[in-house]
Amino acid sequence: MSAVLQPQFVLRPMLSTDLEAIVLIEESSYDFPWSYGIFRDCLQVGYSCWVYEVNHRVIAYGVMSQGAGEAHILTLVVREDYRGQGIGRLLLSHLLTLAGQCEVDTVLLEVRPSNHVAISLYQSMGFNEVGVRLNYYPALRGRENAMIMALALIK
Ligand SMILES: CC(C)(COP(=O)(O)OP(=O)(O)OC[C@H]1O[C@@H](n2cnc3c(N)ncnc32)[C@H](O)[C@@H]1OP(=O)(O)O)[C@@H](O)C(=O)NCCC(=O)NCCS
């Protein structure tokens with residue numbers, strides 16, 4: 001009888017050796033991707049940087065900064081062929097759990113108003129729109145505003 005190999009799923013802290021794979025996902029996900037150097041800086045300053053692996057390959061990642069009672073979700077990306085399977089929600093839940101374990105009252109993030117999938121995820125996790133940053137994002141034509149969303153953590 002032949003053995004059936006189960007896929008291995010691992011959520012773990014990001015390492016500098018993950019960055020090449022992350023940048024490839026980043027570049028295939030965005031017109032204006034974060035660079036290798038931005039991710040390296042996030043690791044160096046000690047932000048909460050996490051990856052989700054399937055069979056030892058990074059397929060999703062998230063980065064969160066924390067300070068002065070606030071946390072900020074800086075990025076959250078799932079590789080395109082793994083989207084819609086609950087991985088984005090899992091990663092975001094993990095970051096929110098980490099924030100809840102620290103002196104954090106509010107979690108903030110920015111999202112493009114055109115990013116309906118991400119907004120739907122954030123709303124379903126309890127985030128509300130609290131403001132707008134005008135001309136925040138580069139866009140293929142000019143610039144795009146950012147919607148600021150916030151979640152108050154209940155202690
Ligand atoms: C946004 C993103 C991280 C969501 O990750 P994901 O793993 O695809 O999302 P999940 O499968 O966990 O779904 C979570 C929720 O997102 C929303 N969602 C997911 N796919 C969707 C789709 N195709 N259409 C509409 N809403 C969708 C739903 O609210 C879903 O909840 P539900 O399954 O209970 O309906 C992912 O789409 C992504 O990497 N997008 C590109 C990068 C990006 O835009 N990141 C966010 C920057 S602010």
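Below you will find a few notes about this structure. Predicted model, so just to flag it, every value in this text is computed and none were measured.

Take the overall build of the chain next. Counting its regular elements, the chain contains four helices and seven strands. Listed by position from the N terminus, the elements making up the chain come as β-α-α-β-β-β-α-β-α-β-β. The C-alpha radius of gyration computed for the chain amounts to 16 Å, which stays within 12% of the reference 15 Å derived for 155 residues, consistent with globular compactness. Principal-axis analysis of the C-alpha atoms gives the chain an extent of 60 × 40 × 30 Å.

All right, on to the environment of tyrosine 52 then. Residue placement: tyrosine 52 occurs in strand S2 (residues 48-54). Residues tyrosine 52 and arginine 12, spaced 40 residues apart in sequence, show a C-alpha to C-alpha distance of 6.5 Å. Ignoring any residue separated from it by four or fewer positions in sequence, one finds tyrosine 52 in contact with Leu11, Ile59, Ala60, Ile87 and Leu91.

Looking now at the site of the ligand. What surrounds the ligand is a group of 18 residues, the closest being Arg83, Gly88, Arg89, Ser120 and Leu121. For the shell around the ligand, the secondary structure elements donating two or more residues are strand S4 (70-78), helix H3 (87-100) and helix H4 (116-124). Among the elements that line the shell around the ligand, the one with the most residues is H4, at five residues. Class assignment of the residues belonging to the shell around the ligand gives a composition of eight nonpolar, eight polar and two charged.

Let's shift gears to the pairing of strand S3 (residues 57-67). Inspection of the sheet shows S2 paired to S3 by seven bridges, in the antiparallel sense. Looking across to S3, one finds that valine 51 is bridged to tyrosine 61. By the bridge criterion, eight bridges tie S3 to S4 in an arrangement that is antiparallel. The residue of S4 that forms the bridge with valine 63 is threonine 75. With antiparallel pairing between neighbouring strands as the criterion, S3 and S4 make up a hairpin whose turn holds two residues, including alanine 68 at a positive phi of roughly 55°.

Ordered by their spatial adjacency, seven strands build an open sheet running S1-S2-S3-S4-S5-S7-S6, and the pairing between neighbours is mixed. If you trace the sheet from one side to the other, it starts and ends with strand S1 (9-13) and strand S6 (128-138), each paired once. When strand polarity is set aside, the average angle formed by the axes of neighbouring strands in this sheet is 25°.

Before going further, it helps to examine the environment of arginine 79. Its place among the elements puts arginine 79 in the loop between S4 and H3. Under the C-beta neighbour-count criterion, arginine 79 is labelled buried, with 21 such atoms within 10 Å. Taking the C-alpha atoms as reference points, arginine 79 and isoleucine 38, 41 residues apart in sequence, are found 19 Å from one another. Look past the residues within four positions of arginine 79 in its chain and what remains in contact with it is Ile25, Ile59 and Ala60.

Cut-off values and rules
- Residues numbered from 1 in each chain as written.
- Predicted model: local features only at pLDDT ≥ 70, side-chain atom pairs only at ≥ 80, totals over all residues.
- Helix = DSSP H or I, 4+ residues; strand = E, 2+ residues; numbered from the N terminus.
- Rg over C-alpha atoms; globule rule 2.2 N^0.38 Å.
- Contact = placed C-beta atoms within 7 Å.
- Near = placed C-beta within 6 Å.
- Nonpolar A, V, L, I, M, F, W, Y, C, P; charged D, E, K, R; others polar.
- Pairing = 2+ DSSP bridges.
- Axes fitted to C-alpha atoms, helices over the stretch in contact; angles between N-to-C directions.
- Buried ≥ 20, exposed ≤ 12 C-beta atoms within 10 Å, placed from the backbone.

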